[in-house]
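Topology and contacts: notes
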Amino acid sequence: MIRAVRGMNDILPDTTPLWQRLEHTARVLLLSYGYEEIRLPILEQTALFERSIGETTDIVEKEMYTFTDRNGDSLSLRPEGTAGAVRAVLQHNPFRNQAQRLWYMGPMFRRERPQKGRYRQFYQIGAEAFGMPGPDIDAELIILTRRLWRLLGLGGLQLEINTLGTATTRARFRQDLVSYFSASAEKLDQDSRRRLHSNPLRILDSKNPELQEVIQGAPTFERYVDPGSEQHFRQLREILEHNDIDYRVNPRLVRGLDYYSKTVFEWLTTELGAQGAVCGGGRYDGLVEHFGGEPTPAVGFAIGMDRLIELLRETPLNDIARTSNEPHLYLIVGGEKYYGSALRVAETVREAMPHIRLVTHCGSDSFKSQFKRADKSGARIALLLGEDEVSQGMVTVKHLRISSGQVTVPQSELIACLEKELARL
Ligand code: HAM
């Protein structure tokens, strides 16, 4: 048997209603804050990711699905959405100093070691805001995500924030980190030794317990932050406090992508084991210019939908979603001769009641087994078209969940009857 690729999961009908709820809630919410949807290709030139996420990041070094196209181009499945959004905006709409708020949703690909909450194909909802330099838009994005948690009934998520300053200050910090870690190189693990010269900031992020002591002693970025970033960060914290958002400043939060400057943030849960981040984001003021555009401040986030779905399974939303695939009506047919009449009756109902979910039984099974199927489907009411009904132009309406018997009505009165009977449920 051919199975799905490791780390790439099917999302089955028992879970899709939960995804649909999340998608719908996010769409309505993002639009209500003025974010417009952009749909981006899943494949891009490899260089786009190398030059934005960074050549020495884990993502680019070892997690991208990269292949050579037939014409020799190196292409990669997108590991995230920010790079593509920047590319699209630059390609179609040179900024002309206008603010833009965009959002996207879809699959991303990283060849990480799969475990609970970490997959090779996973899904993100992302938002990117271009052209706004102040901490107000950083705060708006955070406030928007808090509203999403509220709408979904999710409690217990913690916000961590940090500032990464500007590229210049980070370079100085980087230099000092290299000196510090080089002095204790024998205490580093293999990964960190490799990062020492390519990406020393990432050592700070290491989860290896044996490294924690040497990491604790490392210089912290606070001492290096430039006054502009410092002020931006202070104002952001004030706005968050003004809006009753609890946060923790985590000076070790550096994020795994190179394009950030100033604000970075993550929303964390303790309920998913090691994969605790459900949303990550930050400011990337230099990226548009880096790709040849006008200097354009930008900030955004991406939510890990798979992780959010795991959390949503424990909320009342799960029960609502679980039943939302169930039909209201199940149509039972007394034999092949009546297929035409049956489908016609079904279409009459669908025409008049477009929101009603009606499943017709296809196949000439006995009444008994059709009723069993009707029951299993979760339908509330069965419609029955047997010989008697068809010959007299009637249809029988039978409740399956409440014991109030059944009525047989002329087909012309079916809609009125259904409206009455459904209202009783
Ligand atoms: P990221 O932190 O790499 O940021 O990913 C954002 C979120 O995607 C994570 O917090 C996590 O919930 C989810 N995620 C990442 N990798 C996986 C995986 N292998 N399996 C399941 N979920 C995963 C970005 O992608 C940036 N583009 C965010 C951003 C937008 N920054 C500015 N604008």
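See the structure shown above.
In this report, the structure presented in the accompanying data block is examined. These numbers come from a predicted model, not from an experiment.

Attention shifts here to the site of the ligand. Lining the immediate surroundings of the ligand are 26 residues, of which Glu80, Glu112, Glu128, Arg255 and Tyr260 lie closest. Side-chain polar atom of Tyr259 to a nitrogen atom of the ligand: 3.0 Å apart, as the coordinates give it. Isolated, the ligand exposes 660 Å² of accessible area, and the fraction of that covered by the protein chains is 96%. Only strand S6 (121–130), strand S10 (277–283) and strand S11 (298–304) provide two or more residues apiece to the shell around the ligand.

Our next topic: the sheet that holds strand S15 (residues 394–399). If you walk across this open sheet you meet the 5 strands as S13-S12-S14-S15-S16, and the pairing is mixed. Two strands in the sheet have a free side with no partner beyond their single neighbour: strand S13 (358–360) and strand S16 (406–410). Averaged over all pairs of adjacent strands, the angle between their axes in this sheet comes to 25°, without regard to strand direction. Of the strand pairs in this sheet, strand S12 (residues 329–333) and S13 are connected by 3 bridges, and their pairing is parallel.

Attention shifts here to unusual backbone geometry. With a phi angle near 65°, Arg255 is a residue other than glycine that sits in the positive phi range. Structurally, Arg255 can be placed in the loop between strand S8 (248–249) and strand S9 (261–268). Taking the relative accessible area as the measure of exposure, Arg255 reaches 13% and is therefore buried. The phi dihedral of Lys262 falls on the positive side, at around 55°, and the residue is not glycine.

Compared with the 22 Å implied by 1.5 Å per residue over 16 residues, the 22 Å span of helix H9 (residues 227–242) between its first and last C-alpha is a close match. When we look at burial in H9, the residues that qualify are Ser229, His232, Phe233, Leu236 and Leu240. Looking straight down H9, one finds that the buried residues subtend no more than 95° of arc, so they occupy a single side. Turned more than 90 degrees from where H9 packs its buried face, Pro227 and His242 sit exposed. Once H9 finishes, Asp244 follows within two positions and takes phi at roughly 55°, a positive value.

If you look at the biggest cluster of nonpolar residues, it comprises 46 residues, and the most contacted ones within it are Phe130, Phe181 and Leu204. Only helix H2 (46–52), helix H3 (58–63), helix H4 (82–92), strand S5 (100–109), S6, helix H6 (167–183), helix H8 (212–216) and helix H10 (287–290) provide two or more residues apiece to this core. By residue number, the principal contributor to this core is H4, which donates 5 residues. Setting aside chain neighbours within four positions, we find Phe181 in contact with Leu188, Leu196, Pro200, Ile203, Leu204, Val214, Ile215 and Ala218. Of all hydrophobic cores here, the second largest spans 45 residues; its members include Ala139, Ile143, Leu154 and Val278.

With that settled, the discussion passes to the sheet that holds strand S1 (residues 36–37). Working definition: the strands of a sheet are paired by backbone hydrogen bonds and lie parallel or antiparallel to each other. With mixed pairing, the 8 strands of this open sheet are ordered in space as S1-S5-S6-S11-S10-S9-S7-S8. Taken across any chain shown, the strands that pair with only one partner, and hence form the sheet edges, are S1 and S8. Bridge analysis of strand S7 (residues 158–163) against S9 gives 6 bridges, and the strand direction is antiparallel. Bridging across to S9, Gln158 finds its partner in Leu268. Contacts between helix H1 (residues 16–32) and the sheet are confined to S5 and S6, with S6 contributing the most and set at about 5° to the helix. Lying on the sheet, helix H5 (residues 135–152) is in contact with S5, S6, S7, S9, S10 and S11; it crosses S11 at an angle near 20°.

Here is what the cut-offs are and how they apply
Residues numbered from 1 in each chain as written. Predicted model: local features only at pLDDT ≥ 70, side-chain atom pairs only at ≥ 80, totals over all residues. Heavy atoms only, no water. Near = heavy atom within 4 Å. Polar contact = N/O pair within 3.5 Å; in protein donor to acceptor, adjacent residues only side chain to side chain. Areas by Shrake-Rupley, 256 points an atom, 1.4 Å probe, with all protein chains shown as cover. Helix = DSSP H or I, 4+ residues; strand = E, 2+ residues; numbered from the N terminus. Pairing = 2+ DSSP bridges. Axes fitted to C-alpha atoms, helices over the stretch in contact; angles between N-to-C directions. Buried < 20%, exposed > 50% of the residue type's maximum accessible area, 1.4 Å probe, protein only. Expected span 1.5 Å × (residues − 1). Arc of directions from axis to C-beta. Core = buried A, V, L, I, M, F, W, Y, C linked by side-chain atoms within 4.5 Å. Contact = heavy atoms within 4.5 Å.

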